[in-house]
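# Structural description and commentary
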Amino acid sequence: MAYNVSIDTAQNVKLNYELAGIGTRIPAFLIDELIKSAYIVLLVVLAVNLSDRYYLEDEIWAVIGIFAFLPVMFYSFVLETLFDGQTPGKKVMHIKVVRIDGSAPGIGNYFMRWLFRIIDFQCFSGLVAIIAISASQKGQRIGDMVAGTTVILISRDTSFNDIPLFHLEEEEEYVTTYPEAVKLSDRDVSIITRILKNSEQNYNPEALSMTVKKVKEVTGITEVKQRDRAFLNTILKDYGYLMMK
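Rules of the game
- Residues numbered from 1 in each chain as written.
- Predicted model: local features only at pLDDT ≥ 70, side-chain atom pairs only at ≥ 80, totals over all residues.
- Heavy atoms only, no water.
- Phe/Tyr/Trp six-rings, centres within 6.5 Å; stacked < 30°, edge-to-face > 60°.
- Helix = DSSP H or I, 4+ residues; strand = E, 2+ residues; numbered from the N terminus.
- Buried < 20%, exposed > 50% of the residue type's maximum accessible area, 1.4 Å probe, protein only.
- Core = buried A, V, L, I, M, F, W, Y, C linked by side-chain atoms within 4.5 Å.
- Contact = heavy atoms within 4.5 Å.
- Patch = residues over 30% accessible without salt bridge, like charges linked within 9 Å, V, L, I, M, F, W, Y side chains within 5 Å.
- Areas by Shrake-Rupley, 256 points an atom, 1.4 Å probe, with all protein chains shown as cover.
- Salt bridge = Lys/Arg side-chain N within 4 Å of Asp/Glu carboxyl O.

### Some points on the packing of aromatic side chains
By the definition in use, this model includes 6 aromatic pairs. Seen from their ring centres, Phe77 and Trp114 are 6.2 Å apart, and the 40 degrees between their planes marks the pair as tilted. Note that Phe77 is positioned in helix α3 (residues 75-82) and Trp114 in helix α5 (residues 107-115), a separation of 37 residues in sequence. Given a relative accessible area of 15%, Phe77 falls into the buried group. Overall, Trp114 belongs to the buried group, its relative accessible area being 16%. Both rings, one in Phe111 and one in Trp114, keep their centres 5.6 Å apart while their planes meet at 40 degrees; by these two values the pair is tilted. Taken together, the residues Phe111 and Trp114, both in helix α5 and 3 residues apart, mark about one turn of the helix. Owing to a relative accessible area of 33%, Phe111 belongs among the partly exposed residues under this scheme.

Here you go:
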């Protein structure tokens, strides 16, 4: 299995990410299973206490049981959708779900991953998922293949140290040029940083122009008086200042 995956962004720039292997995905899975197990135990304890105090028909208990079990059933789908491709287990292991085409996964992608958990994890106690991930060049289980996603490590993702910032203690009164930069996500900043670094080695004015256009769409910035490279560097500087402030 390859340990890196190359993703083509909408700006036609290839980004290389380190794939999350079995050694990180299994612990993440087990952490999530422990959380679900703890929830089920809590439900059982509450049910026992309620049954001792109140008499309810079996049909009512069945309805209560179904609704109480929904969080366990939709655990990964809901949390990955709400928290940008991460569950608590994935967050602890510093991994997340991304799309192979470089765009952010949507609710449909997360749903397909969740739907195929039945095949990946329920059949042969997860053996299907392990074999698929090990055999796939992009570290995909069957659910990932159908959804067009994979799982990457993010512990080496862009951090503030990778952004061309200044030291705040050395900057007396920095004034942001584009306060709208706060609307960018960490992933947006990661892509901008990589595109700028790539442009230093292989100048690509079209990629810079497309990136500027996308940044303006996301942030709502309408007036820019800088050249593309200078604008992107300023955006990163403003973002870093606003986040650290």
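### A short note on the nonpolar core
When a protein is soluble and globular, its nonpolar side chains tend to lie buried together. One finds Leu184, Ile192, Leu196, Val215, Phe231, Leu232 and Ile235 to be the most contacted residues of the largest nonpolar core, which totals 17 residues. Secondary structure elements with two or more residues in this core: α9 (186-201), α10 (205-219) and α11 (228-244). Aside from chain neighbours lying at most four places away, what touches Phe231 is Tyr178, Val212, Val215, Lys216, Ile221, Val224 and Gln226. In this structure, Ala28, Phe77, Val97 and Tyr110 belong to the second largest nonpolar core, which totals 9 residues.

### So, a nonpolar patch on the surface
Where nonpolar side chains cluster on the molecular surface, the patch consists of Ile40, Val44, Val48, Val63, Ile66, Phe67, Phe69, Leu70 and Met73 and spans about 780 Å² of accessible area. Mapped by element, the contributors of at least two residues to the nonpolar patch are α1 (22-53) and α2 (58-73). Considering each element in turn, the nonpolar patch owes the most residues, 6 residues, to α2. Secondary-structure assignment places Val44 in helix α1. The exposure class of Val44 is partly exposed, given its relative accessible area of 46%.

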